[in-house]
Amino acid sequence: MLLPYFQNELIEAGCDEAGRGCLAGPVFAAAVILPQNFKHPILRDSKQLNEKNRADLRIIIEQEALTFAVSMVDHQEIDKINILNASIKAMHLALEQLSFRPGFVIIDGNRFKPFQDIPFECVVKGDDKYCSIAAASILAKTYRDDYMLQLSAEYPSYDWANNKGYPTIKHRNAVLAFGLTPYHRKTFRITDPQLSLPI
């Protein structure tokens, strides 16, 4: 069972992102403030859950959260400011959209930039330690998956309906065969080093 909060003196929001390692599409981030007594037996890092469990938990999180927000930074801005800065910006945007201001923020990972003057703590593998970060990971992941599913209808050859923009062999091979789409991140290494793009 995950821990309910990092500290219990201030209202705490959890933040996480999804899509950082993708070759195409935006990075999404979510911020979630849960009731202090919130718990769910299968709540954990979204990567450890199947699609149905994530979808079911998303409904529960959105119903039970005191407030939540999801935001994105698109592929063009990722290319301009780099993926780390884009991920942090997406988390800042999500925090801005919460219906009330948290007193403390916990973030999955080890890198963050201060948001306003709110104290924060980075937690490595926090999405498998704290409920609010796990909840944020589920919202960010499911919202991004839905977005990539919509894009896949426009570009079916890249198998985004299944790989969601991650660098699978099928995705890389589609880039070799058909080239880049307008949604690909131009600053990312798209192809495997052992492969070569046609000249």
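Since we're looking at a predicted model, the values are computed, not measured.

A. Quick peek at the nonpolar core. Among the nonpolar cores identified, the biggest contains 34 residues, and C15, V27, L95, L98, F112 and W160 are the most heavily contacted of them. Of all the secondary-structure elements, those providing two or more residues to this core are β1 (12-18), β2 (27-33), β3 (67-73), α3 (83-97), β4 (104-108), α4 (131-154) and α6 (169-178). Here this core takes eight residues from α3, the largest share from any one element. Ignoring anything within four residues of it in the chain, the contact list for W160 reads A24, M148, L151, S152, Y155, G165, H171, T181, Y183 and H184. With 20 residues, the next largest nonpolar core counts A30, V32, L43 and A65 among its residues.

B. Examining the side chain of S46 more closely. Mapped onto the elements, S46 comes out in the loop between β2 and α1 (51-64). If we ignore the near neighbours within four places in the chain, the residues touching S46 are R54, S137, I138 and K141.

C. How the structure looks around the sheet that holds β3. Spatial ordering of the open sheet is given by β3-β2-β1-β4-β5, a layout of five strands whose pairing is mixed. Unpaired on one side and paired on the other, β3 and β5 (120-123) mark the two borders of the sheet. Taken over all neighbouring pairs, the strand axes of this sheet differ in orientation by 20° on average, direction set aside. When β1 meets β2, the two strands line up antiparallel, connected through five bridges. Across the sheet, residue G14 finds its bridge partner in β2, namely V32. The sheet strands contacting α3 are β1, β2, β3 and β4, and the helix crosses β3 at an angle near 145°.

Reading guide: rules and limits
Residues numbered from 1 in each chain as written. Predicted model: local features only at pLDDT ≥ 70, side-chain atom pairs only at ≥ 80, totals over all residues. Heavy atoms only, no water. Core = buried A, V, L, I, M, F, W, Y, C linked by side-chain atoms within 4.5 Å. Buried < 20%, exposed > 50% of the residue type's maximum accessible area, 1.4 Å probe, protein only. Helix = DSSP H or I, 4+ residues; strand = E, 2+ residues; numbered from the N terminus. Contact = heavy atoms within 4.5 Å. Pairing = 2+ DSSP bridges. Axes fitted to C-alpha atoms, helices over the stretch in contact; angles between N-to-C directions.

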